[in-house]
Amino acid sequence: MLGNATVRTLDVEAAPHTLVLAGELGPWDVDGSAASVAAIVREQLAFWGSVPYDHYTFLNVVNEARGGLEHLDSTLMMTHRRATSVREDHVRWLGLVSHEFFHTWNVKRLRPAPLGPFDYENEAYTPSLWVAEGLTSYYDDLLLVRAGLITEKEYLGRITDQLTSVQETPGRRVQTLSQASADAWIKYYRKDENTVNTGISYYTKGMLVGWLLDSRIRCETDGKRSLDDVMRLAHARHSGAQGYTPEAFEAIIAEVAGTPLTDELDSWLRSTDELDYEPALACLGLRFADPDDKEEEADGDAAKASEPEDPPAGWLGAGLDARGARHVVVDVKRGTPAWDAGLNVDDELVAVDGYRVPTDGPGALWATLPPGSAVQLTISRRGVLRELPATLGEAPRDTWTVEVDPDASSDAVRQRSAWLASATAPAPR
Ligand SMILES: [Zn+2]
């Protein structure tokens, strides 16, 4: 990387760490971001208990792109110049920093046997990307809350986002986590319009399995051990050229948990069963928010409740993209009214019941058609007008918001605070 970079040395004692900022920084908060990255480094060094390099460099290119790649003693990241001034974007950027830095151990040194030494000429197959990327995705945000950079509520919001994403992906009932990993070359890196119906991401589902596994070990051992111990033990035994096999990694889980967890791992990794979140929520004193609560809050007092309400709108469930005045289908998820009606990606939705779709989209049309309405869709498929009968459904409700359970037992509250506690401070008594 060449250029007039802005360079900051981080406040970390263990070894020299440098933050390099390149590009037109604009409103970027240079010193604030250096302090945050230092806090991430201190938290992760305390987590792993080892410093596997002589010096480490965070190369952060402010070029309005996004993404990151891990190296042995550096990472190259891309972001946009408001990522320190808009809170939601800031949390995502901190998550990226944390993710790439966690790879210093998990992937660059501790990696699935088929991935090392890297063969840059051929595809390498492994079912273990749920460890390499999924568990890294679990720890990236968790270590931010432990480092005090995001709040508990923001962290639960991140879990909610990933949980909602998995639960709204029909492909979770088609592809297992192990298959998603092994087929990354022909699926994850070759996405098409039907991917959402046929596959699942080993990042997001892997993150959730990390959460289920961590809470399971914590409650199984009365808080004495956790997934943190699994990661450290795996790193101690398998880092370096020999790597780990799936069996070796699962043996370490069994050793740390004091029980094999065979049924759980078979279900999470090698089946398309729905994930059961209830044990994790109960263990950590969390719950799913009641979707009705939000509506009550929004409705306010009794006077407002007596105001006339709009009837529920019908729902087609197709993703539409506005291209000028045309509304083109970009995704059709399995199980939606659009799927049942035979709508395809690239179909243009022209009219509903003979009425032209308004320029700003069909929202106003759905508003007068309650769930259950039988409608006639006029579509243009490769320039040919066609009529498709459809029955509108009801939009799915947001039922996956994770929040603190105010009625949690003192045991669960204790587990939750240990789960979120920084490793840089002595454990709370
Ligand atoms: Zn990664």
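Everything that follows concerns the structure shown earlier in this document.
Basis of the calculations
Residues numbered from 1 in each chain as written. Predicted model: local features only at pLDDT ≥ 70, side-chain atom pairs only at ≥ 80, totals over all residues. Heavy atoms only, no water. Donors = N, O, S within 2.8 Å, 3.2 Å for Na, K, Ca; no water. Buried < 20%, exposed > 50% of the residue type's maximum accessible area, 1.4 Å probe, protein only. Pairing = 2+ DSSP bridges. Helix = DSSP H or I, 4+ residues; strand = E, 2+ residues; numbered from the N terminus. Axes fitted to C-alpha atoms, helices over the stretch in contact; angles between N-to-C directions. Contact = heavy atoms within 4.5 Å. Salt bridge = Lys/Arg side-chain N within 4 Å of Asp/Glu carboxyl O. Patch = residues over 30% accessible without salt bridge, like charges linked within 9 Å, V, L, I, M, F, W, Y side chains within 5 Å. Areas by Shrake-Rupley, 256 points an atom, 1.4 Å probe, with all protein chains shown as cover.

Visitor: Can you help me understand the coordination of the zinc ion in this one?
Guide: Each angle at a metal carrying four tetrahedral donors should ideally be 109.5 degrees, and each at a metal carrying six octahedral donors should ideally be 90 or 180 degrees. On the protein side, the zinc ion has His99 (NE2), His103 (NE2), Glu133 (OE) and Glu133 (OE) as donor atoms, found 2.0 to 2.7 Å from it. If you list the donors of the zinc ion from N- to C-terminus, the spacing comes out as H-x3-H-x29-E. On the basis of relative accessibility, which here comes to 8%, the residue histidine 99 falls in the buried class.

Visitor: Help me understand the sheet that holds strand S2 (residues 17-23) in this model?
Guide: Backbone hydrogen bonds hold the strands of a sheet together, and the pairing may be parallel or antiparallel. Reading across the sheet, the 5 strands line up as S1-S2-S3-S5-S4 and stay open at both edges, with mixed pairing between neighbours. With partners counted over all chains shown, the strands left at the sheet margins are strand S1 (6-9) and strand S4 (67-70), one partner each. Sheet twist, expressed as the mean angle between neighbouring strand axes with direction ignored, is 15°. Inspection of the sheet shows S2 paired to strand S3 (residues 56-62) by 7 bridges, in the parallel sense. The residue bridging histidine 17 from the neighbouring strand is tyrosine 56, located in S3. Against the sheet, helix H2 (residues 87-102) makes contact with S2, S3, S4 and strand S5 (74-79), and its axis sits at roughly 160° relative to S5, the strand it touches most.

Visitor: Sorry, what's going on with unusual backbone geometry here?
Guide: With glycine set apart, most residues show a phi of negative sign, and most peptide bonds adopt trans. Residue proline 117 is reached from glycine 116 by a cis peptide bond, and omega for that bond is -10°. By the element assignment, proline 117 lies in the loop between H2 and helix H3 (129-146). Of note, the phi angle at aspartate 222 is positive, near 55°, even though the residue is not glycine. Following the sequence through the fold, aspartate 222 ends up in the loop between helix H7 (204-220) and helix H8 (227-238). Taking the relative accessible area as the measure of exposure, aspartate 222 reaches 41% and is therefore partly exposed.

Visitor: Sorry if this is basic, but what is going on with the pattern of salt bridges here?
Guide: Where charged atoms from two side chains of opposite charge approach closely, those side chains can pair. Under the counting rule described, the total for this entry stands at 26 salt bridges. The partner of arginine 416 in a salt bridge is glutamate 152, and the shortest N-O contact between them spans 3.5 Å. A residue pair is termed long-range when its members are at least 10 positions apart, and arginine 416 in helix H16 (residues 410-420) and glutamate 152 in helix H4 (residues 152-167) qualify at 264 residues. Residue glutamate 255 pairs with arginine 237 through a salt bridge whose shortest N-O separation is 2.8 Å. Here the residue glutamate 255 occupies a position in helix H9 (residues 246-257), and arginine 237 occupies one in helix H8, the gap between them amounting to 18 residues. A relative accessible area of 41% means that arginine 237 is categorised as partly exposed. Put simply, Arg146, Asp214, Arg218 and Asp228 are held in one network by salt bridges that share partners.

Visitor: Can you walk me through a nonpolar patch on the surface in this structure?
Guide: Together, Tyr125, Trp185 and Ile186 give the surface a local cluster of nonpolar side chains, amounting to about 320 Å² of exposed area. Following the sequence through the fold, tryptophan 185 ends up in the loop between helix H5 (177-182) and helix H6 (195-198). For tryptophan 185, a relative accessible area of 35% puts it in the partly exposed group.

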